[in-house]
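# Structural overview for review
Listed below, chain by chain, are the residues.
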Amino acid sequence: MKGIRRFGFIIAVLLIGIIIGHFGLFVSILFVSPLITLWLLLWDDKKITQSEYQRQIQRYQTKP
């Protein structure tokens, strides 16, 4: 899984570099910032869902 994340990061850096080189800094910020914001929101939602799941597991586990 770590390798896939690293590969995705490398691809993202290369794409951002191509966009900045082609369109310029201001236009690329307008294009990339909503995508980064969406990615961060989804990442945060995933962490909240995982912590809620762990809390429910601990809540309903029966102790001997």
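None of these values were measured; they are calculated from a predicted model.

## Some remarks on the overall build of the protein
In terms of regular secondary structure, the protein is built from 2 helices and 0 strands. Taken over 64 residues, the protein has a buried fraction of 5%. Carbon and sulfur atoms make up 70% of the accessible area of the protein, which amounts to about 6300 Å² in all.

## A look at a nonpolar patch on the surface
Together, Phe7, Phe9, Ile10, Ile11, Val13, Leu14, Leu15 and Ile18 line one region of the surface with nonpolar side chains, adding up to about 830 Å² of accessible area. As for its position among the elements, Phe9 is in helix 1 (residues 2-23). The class of Phe9 is exposed, set by a relative accessible area of 59%.

## Brief notes about the environment of Ile20
Of note, Ile20 is situated in helix 1. Every residue in contact with Ile20, bar those within four places of it in the chain, is listed here: Leu25 and Ser28.

## Things to note about the environment of Phe31
Tracing the backbone shows Phe31 in helix 2 (residues 25-60). With relative accessibility at 48%, the residue Phe31 sits in the partly exposed group. Sequence separation of Phe31 and Ile16 is 15 residues, and the distance between their C-alpha atoms is 9.7 Å.

The rules we used
Residues numbered from 1 in each chain as written. Predicted model: local features only at pLDDT ≥ 70, side-chain atom pairs only at ≥ 80, totals over all residues. Heavy atoms only, no water. Helix = DSSP H or I, 4+ residues; strand = E, 2+ residues; numbered from the N terminus. Buried < 20%, exposed > 50% of the residue type's maximum accessible area, 1.4 Å probe, protein only. Areas by Shrake-Rupley, 256 points an atom, 1.4 Å probe, with all protein chains shown as cover. Patch = residues over 30% accessible without salt bridge, like charges linked within 9 Å, V, L, I, M, F, W, Y side chains within 5 Å. Salt bridge = Lys/Arg side-chain N within 4 Å of Asp/Glu carboxyl O. Contact = heavy atoms within 4.5 Å.

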